[in-house]
Amino acid sequence: MKYAITHTTGYTYSEPASLSQNELFLSPRTTAYQSVLQSSLEILPQPQYRHRRTDFFGNTVDVFMIQEPHNELKVKATSIVQTSIQVQPDPSTTPPWESVAQRLLSYKHRDDFDALQFLFASPLITVSSQTAAFAKTSFTPGAPVLFAALDLMQRIYNEFSYDKTVSTIDTTVSQILEKRRGVCQDFAHLTISCLRALGLAARYVSGYLETIPAPGKPKLIGSDASHAWVSLFIPDFGWVDFDPTNNLVVGERHITLAWGRDYGDVAPVKGVVMGGGTHRLSVNVDVAVENIWTPARCMQNDSQPIKCRD
Amino acid sequence: MADREISSTTTVHRKENSLFSAVTWTDTYYNEAFSSPGQAREHWQQIVTTLETRGATALKKDDERARQMRHEDGATINPFDDPARRSTAWDLDPIPIIIDAPEWSALEKGLIQRAQLLEKILADVYGGQLLLRDGHLPVDLVFANPNYLYSCHKIRPPGNRFLPMYSADLYRGVDGRFRVLRDYAAYPAGLGYALENRIVMSRIFSELYHHTQTLRLATFFKAFHKALIQRASLGHENPGIVLLSPGPESYIYFEHALLSRYLGYPLVESQDLTVRNGKVFLKKLAGLEPVEAIFRHLSDLNCDPFALRRETASGVAGLIQVCRENNIEIINPIGSAFVDTPALSTTLPVLCKTLLGQDLLIDNHPAWWCGTDEGYHFVVNNLDQLTLSYAMEHKGIDDPPEIFLNRIMSAPRNYIGSAPLTPAVAPGWNQHGISNSHILLRVFVCATEEGYTVMPGGLAITAREAETLFYNSPTMQRSKDVWVLSDRPVEPFSLMKDFHSIDEFKRSNDLPSRVADNLLWLGRYLERTEGLVRLLRHIFGKLSGEDRPRDIPELSFLLKLLSVKNIIPTPPEDVTDTPLFSTLSTQLNNAILRRDGVESVNSLLGNVRRTARKVRDRLSLDSSRIINHLEDLAGSSFIDPLEFLDETLFALNAFSGLTLESMTRSLGWRFMDIGRRVERAINQTHLIRTSLPLVCCESRNTLETLLEISDSIMTYRARYRSAIQLAPVLDLLLVDESNPRSLAFQLSTINGHLEHLPRQHERPFAYQEERIALKMLTEIRLLELQPINCQEENNSNEALADFLGSTAKNLKEFSQQITGHYLTRVQTTPHFAMIRGKEKQ
């Protein structure tokens, strides 16, 4: 699929902000299943300082500073990407999860090195005996690792409800587990915590998901949103992405921006501002299909509502 | 426990009545000073003999002198917080530790090797990570380690110096060999205390010190400074180096101030620094000044709230971005606290072979990290013989064994077990005589162009019990100077001479905006407190006389002054009589004591204390003592309010007097005085505005009261020699520029100060605050007071009331303008987008 994405973030300050520093993870990654045809950033007012780098995880990061008083800040990221369906192994033929955990723990295989940084607790994802216990229901002894992971995803999808009112900046994994509700990055964090508690390597993926409007209704421009899902490492195969919020194995409609240990590593926009009083935030994401004749729009779960949008 | 082991009947010295005869002998620990009972080690003989000759009485005096000197230097922690206990970090024990030349040279080699090794490890984990890829370093030591900062990956510090400054804690085991207990890289805590100890010791034992060929510390600091200047290719004349401290909240703030003075690097806090265009600047009154190097005494995680930790306000937002741009040298680079990870040391013996092809010259303190299979099994099987602590941070575990066993099993990599600590003992002074205490040696190593160099000395950290040394708790530990003997004559190199030369060289007239801001407010709070105290004292004075409240005609005027400021409740309109004595006395006591947010003497004293704390390094020691005294007063329960107010007023006046006498007429002093003048002008305006409607229709006593609370009654009598009349009173209190209590005096002083503040515009009166100040001064100079009298229908009185009203408004505006111009106190707020619910819709 070919998508044109615009992601606009706007801030309006009650008092002039004198100094604003920001870090953006808004340039889509190039992967085996995604090529980036075009990507650009538009920042208003014009920043006095800009810097681009590749971070520890290989993401493109833009840093900018506005050093003059301003009442508004607008960041608009535009990109065109081509996605294709990810190759997935047959879940039931993947190796038993214990052997995967054992192999990663031994740190012996050089090919596994890039997965090792995703084995442990991270600033926003604790790993506890509670999440291990929750995971064990799916990860029965000898269960094939991807098979069990998809079962875990299914359970989280069924047992947790989508609720954007409960989630805050400080929501912890144990709170999600207790309240049984949250938004997409909460479900991603919980899933990752479960997988890491078992000794598996899992990373947090930030991106977008194309919205399919309800049958007979036109798609509203700007109705899309940032999204987040999980990627699991399977030795000798690689990474498999799945979306616990929507109970989906990641397909063509997922567009990958960046990945890291948790949300904190790859928040699309973050920053600090001096002054500014109180601020109002508006986020507007639009994921438009570039080539409307591509037939692959009607996929599985078409009848189900897609979450982490509206 | 340690005491029991030390106690035995043999003493170290056979001589009867000897100083050392009270010290017991033990084989359980190595003895630094004695090889066997009665036999001092060779390099200790000179000091043992000297101490014997001086005797207990002289030593007691030496100890008191040392205490006094340290106190005068300000080596007490948070004196404003803890006026009663005066507990200090690393209190000095005046008997030094002596180390001879061959032994020191072996230690030096070992420490240099360790610094080289650790620097290579840092360069790898923040660079190519080959040690991880090749399995030489366990991945969880990096990826599961909160000391490893992902944001610092790929940053190459200037000159590729990942570890410009390294320090370590060593102890000497029973076998007489030194071992490393801990490594430190983030910042060298104790460096300033080592310096202070040497300054004090070289004065107290000056003769002994100069006879023993003790190596000087100054060479080390010189080498450090020179290397920094070369590495960062800074100008020698005026290098932009600052010393970054967490501020007076730190319990070792004293050493930050000392090192700053000694090295000549301005002492700054995070909010003094700002990042622009990928570079760091110091916010000063005259504008932004470039900073090229930072000697930081701030932990890694507090360095950059933007890149590292969203919830903290401390740190310099964007600092790590500046490092990425290679526009700053930070000692040590952010992220180097990775070296402080306790579990890292367990990997060093093997890594030393891998990276340097050598064996470790100084062994580690035996420890087993549960992150490896062998370590885990050893710890679990020997729990009762090991000290368990966290593997990734210097922190002990207090939980009972059954709980922590579970915790080890669930996350082994987070725990480490260590053998019991058996540090050597050495004789120490205990206020009455000499007894043994345990010794830990904190040593400091810095990188120079010619490689690493070790400070010839250090901080000996001592405690009665060995366990106290296991954790970093300076207030429970004492310290000693470390004398490293040379086998050659020592170059006479005065520490103090150097101290002053750098100090004066670096002194500049400009100062950080934060300091100016705090001084301005200190001036305001002091004056505000003084005003309230004077008023209350006057009221209590009246009430304690023979008259009943209702027989004191000016009382309602006095109470109105308080109630207008909401310090006491406004009396209901319909009650014409003065309030009951008991109600009144409760209200007035409240005006002194209350701490519920309403302005009171106590709440104002609290503001004075908090503000003074923030500029502690700018105040003289005596001034700090008065602040301590004010604190004591505020905390005390008094019987007689009048006595309390007298004493408070006395202390406030003493503080003002001392500040005037001891502060140089620099910008800092000007800001403090501007604060004081603004506040006094506001207070005086308020006083006359409130009294104006009353002076005519009520008692003539109001005028006298007005003069009394303005502290101007003597002046009035001396000048006018007449009965108290309205026009002369107003003349004295408003327009007489020679009366330091008059409004005109305050305004004229403020105008004088403004001329001396740094400015970008050449044109006079280009700034708002200058124009307002000039306007106020001109208006008061042109004020006509002659027509004012108590005749009815007098327009002049109304005109005066208007004038006072507009002056009050102007003063407020002036205060805002000067803050806006020089002292922008803008709050930094984390912006946005960590808000998940919103960002993710």
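Residues numbered from 1 in each chain as written. Chains lettered and ligands numbered in written order. Predicted model: local features only at pLDDT ≥ 70, side-chain atom pairs only at ≥ 80, totals over all residues. Heavy atoms only, no water.

## Concerning the pattern of salt bridges
Residues and elements named next belong to chain B.
- Applying the stated criterion to the full structure yields 43 salt bridges over all chains.
- Among the ionic pairs, Glu 530 bridges to Arg 676, the shortest N-O distance being 3.7 Å. You can see Glu 530 sitting in helix H15 (residues 513-543) and its partner Arg 676 sitting in helix H21 (residues 667-697), a full 146 residues away along the chain.
- Judged by relative accessible area, which is 3%, Glu 530 ranks as buried. (Salt bridge = Lys/Arg side-chain N within 4 Å of Asp/Glu carboxyl O. Helix = DSSP H or I, 4+ residues; strand = E, 2+ residues; numbered from the N terminus. Buried < 20%, exposed > 50% of the residue type's maximum accessible area, 1.4 Å probe, protein only.)

## As for the sheet that holds strand E10 (residues 279-284) of chain B
All names here are of chain B.
- Spatial strand order, E9-E10-E11: 3 strands in an open sheet with antiparallel pairing. Either end of the sheet is taken by a strand with one partner, and the two such strands are strand E9 (273-276) and strand E11 (287-291). Geometrically, the sheet is characterised by an average inter-axis angle of 45° between neighbouring strands, direction not taken into account.
- Sheet topology places E9 next to E10; 4 bridges connect them, and they run antiparallel. Within E10, the residue paired with Thr 274 across the bridge is Phe 281. (Pairing = 2+ DSSP bridges. Axes fitted to C-alpha atoms, helices over the stretch in contact; angles between N-to-C directions.)

## Here's the deal with the interface of chain B and chain A
- Residue-level contacts link 40 residues of chain B with 62 residues of chain A.
- Applying the counting rule to chain B against chain A returns 0 salt bridges.
- The residue makeup of the side of chain B that touches chain A, split by class, is 14 nonpolar, 13 polar and 13 charged. (Contact = heavy atoms within 4.5 Å. Nonpolar A, V, L, I, M, F, W, Y, C, P; charged D, E, K, R; others polar.)

## Let's talk about the packing of H15 of chain B against helix H18 (residues 601-614) of chain B
Residue and element names in this part refer to chain B.
- Put simply, H15 and H18 touch, their axes get as near as 9 Å, and they point 155° apart. Taken together, the axis directions place H15 and H18 in an arrangement best described as roughly antiparallel. Crossing geometry of H15 relative to H18 is assigned as left-handed. Contacts between H15 and H18 involve Arg 514, Asn 518, Trp 521, Leu 522, Tyr 525, Leu 526, Arg 528, Thr 529, Leu 532, Val 533 and Leu 536 from the first element and Val 601, Leu 604, Leu 605, Asn 607, Val 608, Thr 611, Ala 612 and Lys 614 from the second.
- Here the residues of the contact of H15 with H18 are counted per class, giving 12 nonpolar, 4 polar and 3 charged. (Parallel < 35°, antiparallel > 145°, perpendicular 65-115°, else oblique. Left-handed = near helix turned anticlockwise from the far one by under 90°.)

## A closer look at the domain arrangement of chain A
All names here are of chain A.
- The domain boundaries assigned to chain A delineate domain 1 (2-84 + 267-295) and domain 2 (91-265).
- Counting the surface domain 1 buries against domain 2, the share from its top three residues, Phe 57, Val 285 and Val 287, is 26%.
- Our count for the domain 1 to domain 2 interface comes out at 8 residue pairs in polar contact (both at pLDDT 80 or more).
- Of all the elements in the fold, those that place two or more residues in the side of domain 1 that touches domain 2 are strand E1 (2-24), strand E5 (70-83) and strand E14 (279-289).
- No other element matches the 6 residues that E14 contributes to the side of domain 1 that touches domain 2.
- A per-class count over the side of domain 1 that touches domain 2 returns 14 nonpolar, 8 polar and 3 charged. (Domains from an automatic or database assignment. Buried area = accessible area lost by both parts, 1.4 Å probe. Polar contact = N/O pair within 3.5 Å; in protein donor to acceptor, adjacent residues only side chain to side chain.)

## Some thoughts on the domain arrangement of chain B
All names here are of chain B.
- What the domain assignment lists for chain B is domain 1 (91-365 + 421-502), domain 2 (512-663) and domain 3 (674-823).
- Listed per partner, the contact involves 25 residues of domain 2 and 27 residues of domain 3.
- Salt-bridge contacts for Glu 527 lead to Arg 680; the nearest nitrogen and oxygen are separated by 2.8 Å.
- Our count for the domain 2 to domain 3 interface comes out at 9 residue pairs in polar contact (both at pLDDT 80 or more).
- If you list the elements that add at least two residues to the side of domain 2 that touches domain 3, you get H15 and helix H16 (555-564).
- Top element by residues in the side of domain 2 that touches domain 3 is H15. It accounts for 15 residues.

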